[in-house]
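# Observations on chain architecture
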Amino acid sequence: MIFDKLKDEVNELLSRYPVKRSALLPLLYIAQREEGYVSEPAMKEIAKLLSLTPSQVYETVTFYSMYNLKPIGKFHVQVCRSLMCALVGSDNIVEWIQKNLNISSGQTTADRTFTLSVVECLGSCGTGPMMQVNDDYYERLTEEKVGQIFDDLKQKGSSSLKSGPFMFPQPTKS
Amino acid sequence: MAKYEKILLKNMEQPGYTGSLKEYEQTGGYQAFRKVCEGMAPSDIIETVKLSGLRGRGGAGFPTGVKWSFIPKDHPGPKYLCCNADESEPGTFKDRQLMERDPHQVLEGMAITCYTIGAETAYIYIRGEFWLGAKVLDQAIAEAKKAGYLGSNVLGTGKTINIFVHRGAGAYICGEETALLESLEGKRGKPRFKPPFPATHGLYQKPTVVNNVETLANIPHILNKGAAWFAAIGAPPKGTGTRIFCLSGHIKRPGNYEVPMGVTFREMIYEIGGGMRSDKPLKAFIPGGASAPFLTPEHLDVKMDFESLAMAGSMLGSGGITVMEEGTSMVWAALRLMEFFYHESCGKCTPCREGSSWLVQTLQRISRREGRMSDLDLLLDLCKSIEGRTVCAFGEAEVSPIVSTMRHWRSEYEELIREAEAAHPVKQEIPVLSQI
Ligand SMILES: Cc1cc2nc3c(=O)[nH]c(=O)nc-3n(C[C@H](O)[C@H](O)[C@H](O)COP(=O)(O)O)c2cc1C
Ligand code: FES
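In every chain, residue numbers begin from 1 and rise along the written sequence. Chains carry letters from A onward and ligands carry numbers from 1 onward, assigned in written order. Reporting of local features is limited, given that this is a predicted model, to residues whose pLDDT is at least 70; pairs of side-chain atoms are given and counted only at 80 or more, and all residues count toward the totals for whole chains, interfaces and linings. Side-chain metrics rest on all non-hydrogen atoms present in the structure, leaving aside hydrogens and water.

### Quick notes on the overall build of chain B
- Regarding its fold elements, chain B presents 16 helices and ten strands.
- We compute the radius of gyration from the C-alpha atoms alone; for a globule the expected value is 2.2 Å times N to the 0.38, where N is the number of residues. Relative to a compact globule of 436 residues, whose C-alpha radius of gyration would be 22 Å, chain B shows 23 Å and is just as compact.
- Considered along the principal axes of its C-alpha atoms, chain B spans approximately 85 × 50 × 35 Å.
- A burial count over chain B gives 60% of its 436 residues as buried.
- It only takes one pair of heavy atoms within 4.5 Å for two residues to be counted as in contact. The contacts of chain B with a sequence gap of at least 6 include a subset with a gap of at least 24, amounting to 70%.
- The accessible surface values rely on the Shrake-Rupley method and a 1.4 Å probe; as for residues, cover is taken only from the protein chains in view. Of the roughly 16,600 Å² of accessible surface on chain B, a fraction of 53% belongs to carbon and sulfur atoms.
- Charge counting treats Lys and Arg as positive and Asp and Glu as negative, with His and both chain ends excluded. Just so you know, the charge point we use is NZ for Lys, CZ for Arg, CG for Asp and CD for Glu. For chain B, the centre of its 50 positive side-chain charges and the centre of its 50 negative side-chain charges are spaced 3 Å apart. Only DSSP runs of H or I covering at least 4 residues are called helices, and only runs of E covering at least 2 are called strands; the numbering of each starts at the N terminus. Exposure categories follow from relative accessible area, calculated using a 1.4 Å probe and restricted to protein chains: below 20% of the type maximum is buried, above 50% is exposed, and the middle band is partly exposed.

See below:
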């Protein structure tokens, strides 16, 4: 049971909405945070919490692309392929990653470190090519930069090359 | 280069500005909300916003004050405000900056809007990937609550205003306001039929205002400096104020630039954006996000305001300008966007669900040099069967890259098809169904 030990968090969430079902997406995020993906037992548990049927939960979860219904690698690498990023070279980045991790989109490396997804626009089109790894954005990518990021992730679990609060172009003293 | 006064990006362009409550207050932050709470009548606030000429920055450009005035005044029971922070239109990345760099500007706009329409609860529906933005907003909300701007009895008025961040989960369509409401209710994000409109039947079927992040961020400034001040900026009377334009593609200086409405594309691309990134000349640009029809260098002197773009056969949309240099295949560009729309069609309306798949397959076939001349009519015919026949404006959006590139660069499509026909001559006419 995931939510037994998270009663406070769940109650706080439920208190935000006059209708319980609104807490569905947030609860699915918690399930994913705890287990790495949204499992069927978790969906059943959520259904119970919200007085829904398991199929109502399943129906909803399958609409959204950010929930993983199967376990994935430790780092979920999502590279944008949409037009604005493609104009500045995202296809090359995708190719480089596929070659270097030896997987194609939707696959996970044998050591379960990386899962690659080639995705549509992530709202950082002026700073492409870009990718998201787990929660963090990495922008203005080059092959060297991606290599560095992957090394950092493998060695330290995080990379200082991730974006902070977004502003582009950066402010300059005038 | 002309220097324009900024409204929304002014604070964050100060080096070192972090967007904390203290810094925001030092620049005059929450003064407008204080003024409002001293007893401004909601009808006066609505009148001010109407007179300012502010129109929605989310895409459709609906007059904000008018939208607010549709909320029934004497409605018993709850009303809601939803801030549309889904920012999912390819080419658009301004709301992210507004939220991550100056969150209180958005929160103050929301607090004033809640006060005006009588909403005690507001939700910021933020696209799921903007995890950092959600975190920044959560922190800012906690700060504002502690300072008495949010929570119960805000600034001693006896009113309650609570703002919650609600993360989406990766679906473009949830930027459409009624799909957003469905999603916020914990369902699949499928648009609703309109009417009824959210103003009367919105979140949980209660009166609801949905406004874009940038729209809401303008509100404090309008109340501080007055409707006349705002209405004099830009391209009055129909395009007042500034807009944050997002430059992307083959441009030297991509990024967010706030300029008064009515600046020309020529100035935007060549002066503000520094021109093309290489020595290849401009071939095409998209003026308002992926949903806006492509334009050509002939349109460079079109002004960036709602009316001028409508007259040029496109739209101001979300403010995302994507620049493409000579040598970019327009069939390829249309296909990339079409693949996006195909991926994001929510599946509710048959013309869009089935049509997007046909359009992608036909374009892919042409790109692979396996097309036929009749595919061109097929494409346009499909577009006609989608446009105007869907519950939401996604239908118009998804056909615009194809229709507009075929209008301006039809020969590129024909070229690919001629190559296909030369490589695989058609030996026998394909029989029409009725003849089999
Ligand atoms: C397919 C589609 C996607 C949309 N995506 C967004 C979006 O990401 N952000 C946004 O603010 N508005 C989006 N809109 C527009 C909203 O439906 C709505 O008009 C807007 O949020 C209203 O706010 P405003 O009046 O402040 O512009 C979208 C509309 C459609 C049809
Ligand atoms: S096109 Fe890649 S982030 Fe928008």
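### Here we look at empty space enclosed by the protein
All names here are of chain B.
- Using a grid of 1 Å spacing that covers the protein atoms alone, one calls a set of points a cavity when a 1.4 Å probe fits there but cannot get out, and a pocket when the set is open and has protein on both sides within 12 Å along at least five of seven lines; lining residues are those with an atom within 4 Å of a point. Grid points are joined across faces, edges and corners, and a volume is the space filled by probe spheres set on the points. For the structure shown, the criterion picks out one cavity of 30 Å³ or more.
- Estimates place the volume of the largest cavity at around 90 Å³.
- What lines the largest cavity is Ile173, Pro191, Ser345, Cys346, Gly347, Lys348, Cys349, Cys352, Thr390, Val391, Cys392 and Phe394.
- Note on residue classes: Ala, Val, Leu, Ile, Met, Phe, Trp, Tyr, Cys and Pro are nonpolar, Asp, Glu, Lys and Arg are charged, and everything else, Gly too, is polar. Along the lines of polarity and charge, the residues of the lining of the largest cavity split into eight nonpolar, three polar and one charged.

### Notes on the site of ligand 1
Residue and element names in this part refer to chain B.
- Residues in contact with ligand 1 amount to 18 residues; listed here are only the nearest, Gly58, Lys67, Asn84, Asn212 and Thr215.
- Within 3.5 Å is the distance limit for a polar contact, defined as a pair of N or O atoms, with the added protein rule that one can donate a hydrogen and the other accept it, and that residues adjacent in sequence qualify only through two side-chain atoms. In the model, an oxygen atom of ligand 1 is placed 3.0 Å from a nitrogen or oxygen of the Glu177 main chain.
- At a separation of 2.7 Å, an oxygen atom of ligand 1 approaches a polar side-chain atom of Asn212.
- Surface burial for ligand 1 is 90%, taken as the share of its 620 Å² of free accessible area covered by protein chains.
- Broken down by element, the residue count for the shell around ligand 1 peaks at three residues, all from strand 4 (residues 208-212).
- Here the shell around ligand 1 is built from residues that sort into four nonpolar, eight polar and six charged. Put simply, a residue is near a molecule or strand once any heavy atom of it comes within 4 Å of that molecule or strand.

### What to know about the sheet that holds strand 3 (residues 131-133) of chain A
All names here are of chain A.
- Within the open sheet, the four strands sit side by side as 2-1-3-4. Their pairing is mixed. Strands at the two margins of the open sheet, each flanked by one partner only, are strand 2 (114-119) and strand 4 (136-138). With strand direction ignored, the average angle separating the axes of adjacent strands in the sheet is 25°.
- Each of strand 1 (75-80), strand 2, strand 3 and strand 4 touches helix 7 (residues 143-156); the most contacted strand, strand 3, lies at about 5° to it. DSSP bridges decide pairing: two strands pair if at least two such bridges lie between them. Convention adopted: a line fitted to C-alpha atoms gives each axis, helices being fitted over their contacting stretch, and angles between N-to-C directions are expressed from 0 to 180 degrees.

### What to know about the pattern of salt bridges
- Any Lys or Arg side-chain nitrogen found within 4 Å of a carboxyl oxygen on Asp or Glu counts as a salt bridge. Under the definition given, this model contains 33 salt bridges over all chains.
- Measuring nitrogen to oxygen at the nearest pair gives 3.9 Å for the salt bridge that ties Lys162 of chain A to Asp136 of chain A. Here Lys162 of chain A is found in the segment after helix 7, whereas its partner Asp136 of chain A is found in strand 4, with 26 residues between them in sequence.
- Here Lys162 of chain A falls in the partly exposed class, since its relative accessible area comes to 38%.
- Across the pair Arg96 of chain B and Glu100 of chain B runs a salt bridge whose closest N-O atoms are separated by 3.7 Å. Within this pair, Arg96 of chain B and its partner Glu100 of chain B are both found in helix 5 (residues 94-101), separated by four residues, close to a single helical turn.
- Take Arg96 of chain B: its relative accessible area is 2%, and that puts it in the buried class.
- Taking the relative accessible area as the measure of exposure, Glu100 of chain B reaches 4% and is therefore buried.
- In this structure, a network of salt bridges that share partners links the residues Arg81, Asp91 and Glu120 of chain A together with Arg336 and Glu339 of chain B.

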